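So you can see what is in the structure, the chains are spelled out below.
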2 protein chains.
Amino acid sequence: MNTKNNIGYQISGKGTQTFQAINPATRETLPGDFVSVTEREVNEAVALAQEAWKSYRHASGQQKAQFLRDIADEIEGLGETLVERACQESGLPAGRITGERGRTCNQLRLFAKVVEEGHWVDAVIDPALPDREPMPRVDIRRMLGAMGPVVVFTASNFPLAFSTAGGDTASALAAGCPVIVKAHPAHPGTNALVSAAILRAAKKNDLPEGVYSSVQDSGYQAGTQLVQHPQVKAVAFTGSLKGGMALHKAAMEREAPIPVFAEMGSVNPVFLMPELLQQDPGGLAQQMAGSVTLGAGQFCTNPGLVFALDNEATDAFTEALEAAMQQTEPATMLNEGIFKNYENRKEQLLAESGVEAAVKVDAPSEAWKGFPAVAQTTAKQFIHNPLLHEEVFGPLTLLVRCKDYAEMQKAAAELAGQLTATIMGPEEQLAQWQELIDTLSRKAGRLIFNGLPTGVEVGYAMQHGGPFPATTDSRFTSVGTDAIKRFARPVAWQNCPDALLPPALQRDNPLDLVRTVNGEIGKDKG
Amino acid sequence: MNTKNNIGYQISGKGTQTFQAINPATRETLPGDFVSVTEREVNEAVALAQEAWKSYRHASGQQKAQFLRDIADEIEGLGETLVERACQESGLPAGRITGERGRTCNQLRLFAKVVEEGHWVDAVIDPALPDREPMPRVDIRRMLGAMGPVVVFTASNFPLAFSTAGGDTASALAAGCPVIVKAHPAHPGTNALVSAAILRAAKKNDLPEGVYSSVQDSGYQAGTQLVQHPQVKAVAFTGSLKGGMALHKAAMEREAPIPVFAEMGSVNPVFLMPELLQQDPGGLAQQMAGSVTLGAGQFCTNPGLVFALDNEATDAFTEALEAAMQQTEPATMLNEGIFKNYENRKEQLLAESGVEAAVKVDAPSEAWKGFPAVAQTTAKQFIHNPLLHEEVFGPLTLLVRCKDYAEMQKAAAELAGQLTATIMGPEEQLAQWQELIDTLSRKAGRLIFNGLPTGVEVGYAMQHGGPFPATTDSRFTSVGTDAIKRFARPVAWQNCPDALLPPALQRDNPLDLVRTVNGEIGKDKG
């Protein structure tokens, strides 16, 4: 395991600061003195990325697909070494890490398929119309291309799938952008192993040095420097609102603004229809408790708010939910910071006026375990107190009791932007809540019916994003194949000889792409 | 002609500040005391837009198409009244204004066609796979929808086509977003006439009050207030770097960031191959002079930089270009500010070390006429001096002499982001400049071969945008049908009963759209 930085193909540890990872399950320091990157090394990584971009942006779909598939193979080849280290650095169980590795590799292979097929470049062609009146039309052809070097900040809560070779890296590499990973300081060893896998795949494919670099830093200096470097063209981040907004601010202080795709989580409200609560309050409570406590509640789609009418069915549900949560074994949280933040935020929330709680209170423990909690309040309090709208990252949910549907609708209208919003009810009765559904469709990136928000499918149709504060840019997704579009910009070619055009735009359509020709979508020549 | 503000369907002039338009051709005040909008009226306009958004975002493609076509008809119905006032407020000749009106109306009708067809919503469907192993796949369907109220700042240089009912307004209304226009203070009468046309069309189509508002202000207060209003969701602007960046900064100071699409112009470099210069230096010079002086050089695609090798063919071209520019009749510039800025910037540029000039020096005149100018420098100076890279808005071009192709390539590598970059040469020889073309494709939104950058086709394939400082967001275009995508965000519907889905996502494909189903593009049900 490399404890230094990967500056292109070089292993480089010129810095004097070092740090160690900690096993949150044991609070013990793990082996490995990781060397924080220096300012100079960061500049070298960006310079290499900029040079690599000049050629890598022209890599064919086949070349990029091979690279992505080789990364997946190399990651699988790390075997138990990777699983073991990721478990040690995250406190997550081996089953979860193995599942996440599968998701990570599937994701890489899905992006490989997308770039191999090639339609993602969205080729649009308006052929010349020399006889058009009053003026001839000149030939114009447009497609997406790689924007430039991309900086990826890895997330603490998914040490593999939203990390070194996660969705951000996979989509940026798929777009044709070199990537510089700023590793999360809690997972330096996992990052070192996966970075080595990526670099082996890059070398195997003879890709230019700088197509991938990875830097370690226990503080904020390297990250800020990367975001502000003039040659960096986009930034991807998954984490807290505070962290995301700090990066956004750093980017906005640049002379030339660049996009920062910060996915900052949300409270993911769930609305329960009374008819459903009546049918099976206990079953629903079990499902809900499972979703709230999954992964110690450390998912960005964790259901942190539940809205229901204030009636007997809700009483039964609440009782069952509290019991289910109390019975859930507390799990180790990802790191000390997240654990302490959960404890503080939970305490703050429960201290708010009009908030009651059912909290599991065990003997105080030095272990960083997240004890599940259910809090309750009224819609009136919720509407009145913006603090109740804020995310508590961990296994906690706040039940909001509404005196009627009108009040529920009023509370929904006050919600900030969300990654997801969920409505649960008998299918034949959902239409009664049309107004609520409509309100939520203005607030959220994904609307879920009769499901739970945890579990984000990596597919073509997924939207993992939403209005602020869920993300800094609601027009894009950070999960699913469209994530690639975050790192591309269109270029139009006017009156260009066929031989000089990128293949995707050539008249004979040599890549057999679906293109828009004269406004018609198809595989026409043109 | 209304001299007050349009707050929804109300004519409102509660303010006490007034201002007048000035005819730049005569420097005389035009009739009409226009009332600057108050803070309260701005808030009313936004509140109405927010309410209107809730229903207008669901308008069908047919409804929006009818609205856009009615706007075009209403504008044409204004007849000579509009042409006359626009000429008076801009100093542009009637032929140009009539042409621009045609472009504006064609643009509205093209967006009508796009929303009527409906493919722009980019429907993507991953149907449920209940038998998938190891986990079933849930049904997910995604499409674009309107983001919310949009603020449009009208441009000074296109009083119709980039103005009240220009591309920004047309594309935002097409997306389903209400629009609040902040009119350019130089064209209040033109804005009043066109706003009335838009509002007549809105009423005719029974659209909700607030789908369109228009506010006047001779200062910056109303504009800043609009950009910072929490319910405004996007901003479009065409104008100077200074103006665009001020709006961008105002938007970044919001609690919730929003996209600002500022198209801030560029210098649009043109590279001339020596073989072409040898063939017909005089003809090429005539073409170039025509492009540089078109509309008094007040186009964002005006060719402000010309690169050529330092040889005899370039000498002949330069001589012919200087003569052609001297012979061009100076035209009235748009307003006093633009005229004075042109004079100052020209003076600054010509005072730089190593810059020589052929400038038409007539007797000093009080008239705001832009006298064409050709300046010359060496690539060495150009590379060395960043001031030579900056736009001079007006009929001026800077010829950069390069000692060889390598030096030209070096100069090109120093260029900032551009709307366009142009290469002119014999078709069979263009491939020799592959490296230069490649460099320019990293810098510009549109690459032009053997044409001139002025003249921006409104079509499906157009890209009018580019890396900073050309725009604040290179991923989008402000001209052409894709401009609509600036004002939309994706929403995914998970496991939603068919009857509750938007028609574009329903299983039977009732709108007969091209959609992506299971990753395949076509008209399949799914």
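Preceding this section is the structure that the text describes.
About the thresholds
- Residues numbered from 1 in each chain as written.
- Chains lettered and ligands numbered in written order.
- Predicted model: local features only at pLDDT ≥ 70, side-chain atom pairs only at ≥ 80, totals over all residues.
- Helix = DSSP H or I, 4+ residues; strand = E, 2+ residues; numbered from the N terminus.
- Contact = placed C-beta atoms within 7 Å.
- Least-squares fit on C-alpha atoms with pLDDT ≥ 70 in both.
- Nonpolar A, V, L, I, M, F, W, Y, C, P; charged D, E, K, R; others polar.
- Pairing = 2+ DSSP bridges.
- Axes fitted to C-alpha atoms, helices over the stretch in contact; angles between N-to-C directions.
- Buried ≥ 20, exposed ≤ 12 C-beta atoms within 10 Å, placed from the backbone.
- Right-handed = clockwise from strand over helix to strand, strands pointing away.
- Parallel < 35°, antiparallel > 145°, perpendicular 65-115°, else oblique.
- Left-handed = near helix turned anticlockwise from the far one by under 90°.
- Arc of directions from axis to C-beta.
- Core = buried A, V, L, I, M, F, W, Y, C linked by C-beta atoms within 7 Å.

Caption draft 1: View of the environment of Val150(B). Residue and element names in this part refer to chain B. Among the secondary structure elements, Val150 is positioned in strand S9 (residues 150-153). Expressed as a C-alpha distance, the spacing of Val150 and Val181, which sit 31 residues apart in the sequence, is 8.5 Å. When sequence neighbours within four positions are dropped, the list of residues in contact with Val150 reads Ala172, Cys177, Val179, Lys233, Ala234, Ala236 and Phe487.

Caption draft 2: The arrangement of the relation of the copies chain B and chain A in detail. When chain B is brought onto chain A, the operation consists of a screw motion whose angular component is 180° and whose axial shift is 0.0 Å, with 0.0 Å RMSD remaining. Here the transformation between the copies is reduced to the relation of a two-fold axis. Of every C-alpha in chain B, the one belonging to Met252(B) sits nearest the axis of rotation, 3.7 Å from it. When you check the interface residues of chain B against chain A, 100% turn up at the interface there too, and the contact is symmetric in its surfaces.

Caption draft 3: Fine view of the interface of chain B and chain A. Across the boundary between the two partners, chain B contributes 52 residues, which contact 52 residues of chain A. Looking at the side of chain B that touches chain A, the elements that each hand over two or more residues are strand S7 (124-126), strand S8 (140-146), helix H8 (241-252), helix H15 (434-441), strand S22 (444-449) and strand S23 (488-494) of chain B. Residue composition of the side of chain B that touches chain A, by class: 28 nonpolar, 15 polar and nine charged.

Caption draft 4: Region of interest: the sheet that holds strand S23 (residues 488-494) of chain A. Strand order in this open sheet of 12 strands is S25(A)-S24(A)-S7(A)-S8(A)-S23(A)-S22(B)-S21(B)-S14(B)-S15(B)-S20(B)-S19(B)-S17(B), and the pairing throughout is mixed. Either end of the sheet is taken by a strand with one partner, and the two such strands are strand S25 (520-522) of chain A together with strand S17 (356-359) of chain B. Between one strand and the next, the sheet's axes are offset by a mean angle of 20°, whatever the strand orientation. Where strand S8 (residues 140-146) of chain A lies against S23(A), seven bridges are found, and the strand directions are antiparallel. Residue Leu144(A) lies in a different strand from S23(A), and its bridge partner there is Pro490(A). Strands strand S15 (305-309), S17, strand S19 (373-378) and strand S20 (396-402) of chain B of the sheet are contacted by helix H11 (residues 312-327) of chain B, whose axis makes an angle of about 155° with S19(B).

Caption draft 5: Just the pairing of strand S13 (residues 260-263) of chain B, in detail. Residue and element names in this part refer to chain B. Here S13 shows no split at all, with Val260 and Ala262 on one side and Phe261 and Glu263 on the other all buried. Pairing between strand S12 (residues 234-238) and S13: four bridges, direction parallel. From the neighbouring strand, Phe237 faces S13, where its bridge partner is Ala262. Crossover handedness for the path S12 to H8 to S13: right-handed.

Caption draft 6: How the structure looks around the packing of helix H2 (residues 61-77) of chain B against helix H6 (residues 188-204) of chain B. Residue and element names in this part refer to chain B. Look at H2 against H6: their axes get within 8 Å of each other, and the N-to-C directions meet at 135°. On the basis of the axis angle, H2 is oblique to H6. Crossing angle aside, the handedness with which H2 passes H6 is right-handed. Contact with H2, carried on its side by Phe67, Asp70, Ile71, Glu74 and Ile75, involves Val194, Ala197, Ile198, Arg200, Ala201, Ala202 and Lys204 of H6 and no other residues of that element.

Caption draft 7: Inspection of the environment of Ala296(B) at higher detail. All names here are of chain B. Considering the arrangement of structural elements, one finds Ala296 in the loop between helix H10 (281-293) and S15. Ala296 gets classed as buried once you count the C-beta atoms within 10 Å, which come to 28. Spatially, the C-alpha atom of Ala296 lies 7.2 Å from that of Pro330, the residues being 34 residues apart in sequence. Beyond its immediate sequence surroundings of up to four residues, Ala296 is in contact with Ala331, Thr332, Met333, Gly370, Gly394 and Pro395.

Caption draft 8: The sheet that holds strand S17 (residues 356-359) of chain A, seen in detail. Here 12 strands make up an open sheet; going across it, the order is S17(A)-S19(A)-S20(A)-S15(A)-S14(A)-S21(A)-S22(A)-S23(B)-S8(B)-S7(B)-S24(B)-S25(B) and the pairing mixed. At either end of the open sheet lies a strand with only one pairing partner, and these are S17 of chain A together with strand S25 (520-522) of chain B. Across this sheet, the average inter-strand angle for adjacent strands is 20°, counted without regard to direction. Across five bridges, strand S15 (residues 305-309) of chain A lies against strand S20 (residues 396-402) of chain A in parallel orientation. Across the sheet, the residue bridging to Leu309(A) is Cys402(A), located in S20(A).

Caption draft 9: Local environment of H15(B). Residues and elements named next belong to chain B. Regarding H15, the residues found buried are Leu436, Ile437, Thr439 and Leu440. An end-on view of H15 places all buried positions within 160° of arc, on one side of the element. Among the structural elements, strand S14 (269-272), helix H14 (405-413), strand S21 (418-424) and S22 are those in contact with the buried residues of H15.

Caption draft 10: Structural view of the pairing of S23(A). Among the seven residues that make up S23(A), seven are buried, leaving the element largely enclosed by the rest of the structure. One ladder, built from three bridges, connects S23(A) with S22(B); its direction is parallel. Within S22(B), the residue paired with Trp493(A) across the bridge is Leu447(B).

Caption draft 11: Local environment of the packing of helix H14 (residues 405-413) of chain A against helix H15 (residues 434-441) of chain A. All names here are of chain A. Interhelical geometry of H14 versus H15 gives an angle of 5° and a closest axis separation of 10 Å. Taken together, H14 and H15 sit at an angle that is classed as roughly parallel. Along its contact with H14, which presents Met408, Gln409, Ala412 and Ala413, the element H15 presents Glu435, Leu436, Thr439 and Leu440. Class assignment for the residues of the contact of H14 with H15 results in five nonpolar, two polar and one charged.

Caption draft 12: Main features of the nonpolar core. With 344 residues, the main nonpolar core has Leu68(A), Val235(A), Leu68(B) and Val235(B) as its most contacted residues. Excluding its chain neighbours within four sequence positions, the residues that come into contact with Val235(A) are Val151(A), Val227(A), Leu247(A), Ala251(A), Ile258(A), Val260(A) and Phe261(A).

Caption draft 13: Region of the structure containing unusual backbone geometry. All names here are of chain B. The omega torsion of the bond from Glu133 to Pro134 falls at 0°, within 30 degrees of zero and hence cis. With phi around 50°, Asn268 is a residue other than glycine that occupies positive phi space. Secondary-structure assignment places Asn268 in the loop between S13 and S14. At Asn450, a position not held by glycine, the phi torsion is positive, near 50°.

The values are spatial; any link to function lies outside them.
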